[in-house]
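Examination of the molecular architecture
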Amino acid sequence: MRFVNFIKLITTIAENAAKYRQMRDFSLLNFKDGWEIWLQCEAYFSLPNSKQYEYDRGTQYPYPYNKQKCDFLITRNGVNLWLEAKVLLREDIRSLVKRFISDLTKIDAIDLNGDTNSIGAFAVAPLMGEDLFTQDIKDLFRDTSPVDIDKIEYLAVQPNLPIKKGKYNSTPELTKGDIIILYYVRL
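Please read all numbers here as calculations on a predicted model, not as lab measurements. (Residues numbered from 1 in each chain as written. Predicted model: local features only at pLDDT ≥ 70, side-chain atom pairs only at ≥ 80, totals over all residues. Heavy atoms only, no water.)

1. Here's the deal with the overall build of the protein
Check the secondary structure of the protein and you find five helices and seven strands. Tracing the protein from N to C terminus, the helices and strands come up as α-α-α-β-β-β-α-β-α-β-β-β. Considering only intrachain contacts with a sequence separation of at least 6, the fraction spanning at least 24 residues in the protein is 61%. (Helix = DSSP H or I, 4+ residues; strand = E, 2+ residues; numbered from the N terminus. Contact = heavy atoms within 4.5 Å.)

What follows is the structure, encoded as structure tokens:
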């Protein structure tokens with residue numbers, strides 16, 4: 001599975017969660033890793049013909065990075081898609097960005113030896129009134145992320161509305177209640 005297809009899958013899950021108010025209604029609950037595991041399960045059951053895919057959570061990266069684990073590993077026909085995920089509901093925007101940058105730092109250090117594998121990171125969170133695109137937050141990316149800010153992209157999802165998408169470095173008009181997906185892939 002290619003990373004772009006996976007992000008489309010996550011976008012569909014986010015649209016359905018927004019439509020059925022899952023993320024908003026349950027955002028009062030805050031259980032450790034619960035939303036990340038929920039998203040992993042939703043992703044697995046949403047894979048087209050999931051029997052063609054091997055899917056694992058918490059898999060160790062290949063040696064010499066095997067002291068670290070990835071959040072998702074999807075394999076099809078011997079090709080791996082390594083994914084780091086953050087699903088945050090009750091944290092402020094700055095915390096979301098710091099945790100996403102932590103995943104970017106993690107995957108930036110891993111060398112997959114130029115094979116057909118790809119590695120990426122994404123973060124999913126409802127927009128609760130704080131602006132993810134302020135200069136202060138963009139400066140946090142520029143100052144602490146190992147990844148060029150121009151390579152990070154976003155999607156903003158609301159049910160029954162067109163998906164807003166673009167480069168993170170832009171300044172989109174977002175609405176409270178949008179579910180934001182930040183993502184980066186390194187092929």
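2. Looking at the sheet that holds strand S7 (residues 179-186)
The mixed open sheet is built from seven strands, whose spatial order is S1-S2-S3-S4-S7-S5-S6. What marks the edges here is a single partner per strand, and that holds for strand S1 (54-56) and strand S6 (164-167). Averaged over neighbouring strand pairs, the angle between their axes works out to 20° when direction is ignored. With five bridges connecting them, strand S5 (residues 153-157) and S7 associate as antiparallel partners. (Pairing = 2+ DSSP bridges. Axes fitted to C-alpha atoms, helices over the stretch in contact; angles between N-to-C directions.)

3. Notes on the nonpolar core
A general tendency of soluble globular proteins is for nonpolar side chains to be buried together. Ranked by size, the top nonpolar core spans 33 residues in total, and within it Leu132, Phe141, Tyr168 and Leu182 carry the most contacts. At seven residues, the largest contribution of residues to this core is made by helix H4 (residues 93-108). The contacts of Phe141, once residues within four sequence positions are left out, are Val97, Phe100, Ile101, Leu104, Ile149, Ile152, Tyr168 and Leu182. Phe6, Tyr53, Val87 and Val124 belong to the second largest nonpolar core, which has 24 residues in total. (Core = buried A, V, L, I, M, F, W, Y, C linked by side-chain atoms within 4.5 Å. Buried < 20%, exposed > 50% of the residue type's maximum accessible area, 1.4 Å probe, protein only.)

4. A look at helix H5 (residues 135-144)
Those residues of H5 that fall on the buried side of the exposure criterion are Ile137, Lys138, Leu140 and Phe141. Angular distribution of buried residues about the axis of H5 spans 150°; they occupy a single face of the element. Here the buried face of H5 lies against H4 and S7. (Arc of directions from axis to C-beta.)

5. Looking at H4
With 16 residues, H4 ought to run about 22 Å at 1.5 Å a step, and its terminal C-alpha atoms sit 22 Å apart, in line with that. Burial in H4 covers these residues: Ile93, Leu96, Val97, Phe100, Ile101, Asp103, Leu104, Lys106 and Ile107. Close packing links the buried residues of H4 with strand S3 (79-87), strand S4 (118-126), H5 and S7. (Expected span 1.5 Å × (residues − 1).)

6. Description of the pairing of S7
Most of S7 sits out of view: seven of its eight residues are buried. Two strands pair when backbone bridges link them, and S4 and S7 are joined in this way by eight bridges, in the antiparallel orientation. In the strand pairing of S7, Pro126 is matched with Ile179.

7. Brief notes about the side chain of Lys86
Position of Lys86 among the secondary structure elements: in strand S3. The exposure class of Lys86 is buried, given its relative accessible area of 11%. Excluding residues that lie within four positions of it along the chain, Lys86 makes contacts with Glu36, Asp71, Arg99, Phe100, Asp103, Phe122, Ala123 and Val124.

8. Considerations on the packing of aromatic side chains
Aromatic ring pairs: the centre-centre distance and the angle between the two ring planes describe each pair. Going through the model one piece at a time under the given rule, you end up with five aromatic pairs. Relative to Phe122, the ring of Phe72 lies with its centre 5.9 Å away and its plane at 40°, an arrangement referred to as tilted. Placement of Phe72 in strand S2 (residues 72-76) and of Phe122 in strand S4 is noted, with a sequence separation of 50 residues between them. On the basis of relative accessible area, Phe72 is assigned to the buried category, the value being 0%. Within the aromatic cluster, the residues linked to one another by ring pairs are Tyr55, Phe72 and Phe122. (Phe/Tyr/Trp six-rings, centres within 6.5 Å; stacked < 30°, edge-to-face > 60°.)

It is worth stressing that arrangement in space is one thing and function is another; only the former is reported here.
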